[in-house]
Amino acid sequence: MLIENIVLKDFRNYEYQEISPKKGINIIYGRNAQGKTNILESIFLCSTARSHRTNKDSDLIRTLQKGYLIKIEGKRDDEPFSIDINCTKITSKTNKRIIKVNDISLTRTGQLMGVLNSVMFSPEDLTIIKEGPSERRRFLDILISQINPSYFYALQEYFKILKQKNALLKNIYEGGKNKDLIEIYNQKQAKTGIKIIKERKNFIEQINIKAKQNHYDITKGIENLEIKYECDIVDFSNEENELYKALEKITEKEIKIQSSILGPHRDDIEIILDGMNIKDYGSQGQQRTAILSLKFAEMQIIKEKTGKKPVLLLDDALSELDLLRKRTLLDKIDTKQTFITCTEKRKYMTLDDNINFFYVNKGTVKSV
Ligand SMILES: Nc1ncnc2c1ncn2[C@@H]1O[C@H](COP(=O)(O)OP(=O)(O)OP(=O)(O)O)[C@@H](O)[C@H]1O
Ligand SMILES: [Mg+2]
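Now for a look at the structure at hand. (Residues numbered from 1 in each chain as written. Chains lettered and ligands numbered in written order. Predicted model: local features only at pLDDT ≥ 70, side-chain atom pairs only at ≥ 80, totals over all residues. Heavy atoms only, no water.)

1. What to know about the sheet that holds strand 4 (residues 67-76)
Pairing in this open sheet of six strands is antiparallel, and the strands run 2-1-4-5-6-7 from one edge to the other. At either margin of the open sheet sits one strand with a lone partner, and together these are strand 2 (14-19) and strand 7 (104-105). Examined bridge by bridge, strand 4 and strand 5 (residues 79-89) share ten bridges and lie antiparallel to one another. Note on strand 5: the bridge partner recorded for Ile72 is Ile83. Contacts from helix 1 (residues 36-48) reach strand 1 (2-11), strand 2, strand 4, strand 5 and strand 6 (95-101), with the element oriented near 110° to strand 1. (Pairing = 2+ DSSP bridges. Helix = DSSP H or I, 4+ residues; strand = E, 2+ residues; numbered from the N terminus. Contact = heavy atoms within 4.5 Å. Axes fitted to C-alpha atoms, helices over the stretch in contact; angles between N-to-C directions.)

And the structure:
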């Protein structure tokens, strides 16, 4: 996977910018708040259709502008590709996004998955450990979607069903006479829900094996990391039926609180270090290391499943490490192209002869 050109127009703090990254390591440096992370964000967005730090498209549009445009051109193996994301403000709250791959508009966002694979390491990753289950589901969903577009479609479908079911629950609670419809929604929810659960179960088993090994390597065998799936379903032999039966049992409760409370939208991953939940037990350093082990597992899985090395995006991720550790980590990272943001260029100057530097200052990027 290789990115050769990036164009940003009215994206974050960029009015108009072209960047031509190279094969190997691309260091994006500059003072704080100049636009370094914004560049990585634009790449991640073209890869996953999501930002790594916001769910709102309006945050991405340059202040007072009507929309943004990102264009990325590159090569998959030797095959050229281009991705365009064009977002336009419709009202103060709604935006319209058109995504093109090789100049053809996509009819579904899922078609973007797998065109440009990337893995991001960023300070926000710690939220996977520190925050609630939704952050861990997000991590999982982004990873699985990149490899398996049908998972992305199942997620979309599931949330559509959930939205309709919640509206129905509210309606029944307020005296509506359509309680028998719940059964149909439960069936739909169970059918789509189980696709998601199966994929997650399968992936977590793979992540567990890889993250465990990575963590063992990084800590020289001192710490033991485990990733476990926490799901409402326990009997996986007859999943669809089990989820349906469980949904049936709690219908009255769901009506009472006017919300669906069972299914993969409530899943979680447990991250366990030496037998204890890392969230409450792990030190800051242990939590960071666990995240690195997880992220490396993500990279390995993408590479294994797609046969292509993902573009690596390291947002400030190495700045705390000394030169030797940086070197060890960069050696462990086996990619065609890596982007690293940092505030000081000199920390990387002795690392490798083959590094390209980009200086960012107030939303302007210069190759140096
Ligand atoms: N929608 C927007 N319109 C205009 N400017 C924006 C928008 N969103 C963010 N910015 C600006 O972009 C800058 C932050 O960019 P970015 O996060 O890339 O900084 P950075 O160079 O990575 O800094 P740090 O070293 O602190 O991480 C800030 O000045 C912020 O005000
Ligand atoms: Mg930054």
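2. As for the sheet that holds strand 15 (residues 364-367)
Paired through their backbone hydrogen bonds, the strands of a sheet run either parallel or antiparallel. Ordered in space as 8-12-13-3-14-15, the six strands form an open sheet in which the pairing is mixed. Unpaired on one side and paired on the other, strand 8 (118-121) and strand 15 mark the two borders of the sheet. Across this sheet, the average inter-strand angle for adjacent strands is 20°, counted without regard to direction. As judged from the six bridges shared by strand 3 (residues 24-29) and strand 13 (residues 337-342), these two strands associate in the parallel manner. By the bridge assignment for strand 13, Ile28 is matched with Thr341.

3. Quick word on the environment of Asp267
Residue position: Asp267 is located in the loop between helix 7 (251-257) and strand 10 (268-273). Accessibility expressed as a relative area gives 1% for Asp267, which makes it buried. Along the chain, Asp267 and Tyr229 lie 38 residues apart, while their C-alpha atoms are 7.8 Å from each other. Ignoring any residue separated from it by four or fewer positions in sequence, one finds Asp267 in contact with Pro133, Arg137, Ile197, Arg200, Tyr229, Glu230, Cys231 and Asp232. (Buried < 20%, exposed > 50% of the residue type's maximum accessible area, 1.4 Å probe, protein only.)

4. Quick word on the site of ligand 1
Around ligand 1, a shell composed of 15 residues is seen, among which Ala33, Lys36, Thr37, Asn38 and Ile61 lie nearest. Contact between ligand 1 and Gln34: an oxygen atom at 3.1 Å from a main-chain N or O atom of the residue. In the environment of ligand 1, an oxygen atom lies 3.3 Å from a nitrogen or oxygen atom belonging to the side chain of Arg53. The fraction of the free accessible surface of ligand 1 (660 Å²) that becomes covered by protein chains is 70%. Among the residues making up the shell around ligand 1, the classes are represented as two nonpolar, seven polar and six charged. (Near = heavy atom within 4 Å. Polar contact = N/O pair within 3.5 Å; in protein donor to acceptor, adjacent residues only side chain to side chain. Areas by Shrake-Rupley, 256 points an atom, 1.4 Å probe, with all protein chains shown as cover. Nonpolar A, V, L, I, M, F, W, Y, C, P; charged D, E, K, R; others polar.)

5. Observations regarding empty space enclosed by the protein
A full pass over the atoms with the stated rule returns one cavity of 30 Å³ or more. Contributing to the lining of the largest cavity are Thr48, Arg50, Met113, Asp141, Ile142, Ser145 and Phe152. The class makeup of the residues in the lining of the largest cavity is three nonpolar, two polar and two charged. Both of domain 1 (1-117 + 308-368) and domain 2 (129-307) provide at least three residues apiece to the lining of the largest cavity. (1 Å grid on protein atoms, 1.4 Å probe; cavity = no way out; pocket = protein on both sides within 12 Å on 5 of 7 lines; lining within 4 Å. Points joined across faces, edges and corners; volume = space filled by probe spheres on them. Domains from an automatic or database assignment.)

6. Quick notes on the pattern of salt bridges
Pairs can form between side chains of opposite charge whenever their charged atoms are close. Tallied over the entire structure, the rule returns 19 salt bridges. Of the charged contacts, one joins Asp125 and Lys295 as a salt bridge, the two residues approaching to 3.5 Å between their closest N and O atoms. One end of the pair, Asp125, is in the loop between strand 8 and helix 2 (127-130); the other, Lys295, is in helix 9 (residues 284-306), and 170 residues separate them in sequence. Both residues of the pair, Asp125 and Lys295, belong to the buried class. The partner of Asp267 in a salt bridge is Arg200, and the shortest N-O contact between them spans 2.9 Å. Separated by 67 residues along the polypeptide, Asp267 in the loop between helix 7 and strand 10 and Arg200 in helix 5 (residues 181-218) bring together distant segments of the chain. Across the pair, Arg200 and Asp267 agree in class, each one buried. When salt bridges with common partners are traced through the structure, they connect Lys9, Asp10 and Arg62 into a single cluster. (Salt bridge = Lys/Arg side-chain N within 4 Å of Asp/Glu carboxyl O.)

7. As for the packing of helix 4 (residues 149-173) against helix 5
Look at helix 4 against helix 5: their axes get within 9 Å of each other, and the N-to-C directions meet at 150°. In terms of orientation, helix 4 lies roughly antiparallel with respect to helix 5. Like other packed secondary-structure pairs, helix 4 and helix 5 cross with a definite hand, here left-handed. On helix 5, the residues that touch Tyr151, Ala154, Leu155, Glu157, Tyr158, Ile161, Leu162, Gln164, Lys165, Leu168, Leu169 and Ile172 of helix 4 are Leu181, Ile182, Tyr185, Asn186, Lys188, Gln189, Thr192, Gly193, Lys195, Ile196, Glu199 and Arg200. Residues that form the contact of helix 4 with helix 5 fall into these classes: 13 nonpolar, five polar and six charged. (Parallel < 35°, antiparallel > 145°, perpendicular 65-115°, else oblique. Left-handed = near helix turned anticlockwise from the far one by under 90°.)

8. Comments concerning the environment of Leu313
Within the secondary structure, Leu313 sits in strand 12 (residues 311-315). Leu313 sits in the buried class, given a relative accessible area of 0%. Between the C-alpha atoms of Leu313 and Gln337, which are 24 residues apart in sequence, the distance is 8.9 Å. Once you skip the residues sitting within four places of it in the chain, Leu313 turns out to touch Leu40, Ile43, Phe44, Ser118, Val119, Met120, Phe121 and Phe339.

9. Side note on the packing of helix 3 (residues 133-147) against helix 5
As a packed pair, helix 3 and helix 5 sit with axes 11 Å apart at the nearest point and diverge in direction by 95°. Considered as vectors, helix 3 and helix 5 are oriented roughly perpendicular to each other. Here Arg137, Phe139, Leu140, Asp141, Leu143, Ile144 and Ile147 of helix 3 lie close against helix 5, whose contacting residues are Glu199, Arg200, Phe203, Ile204 and Ile207. Partitioned by chemical class, the residues of the contact of helix 3 with helix 5 number eight nonpolar, no polar and four charged.

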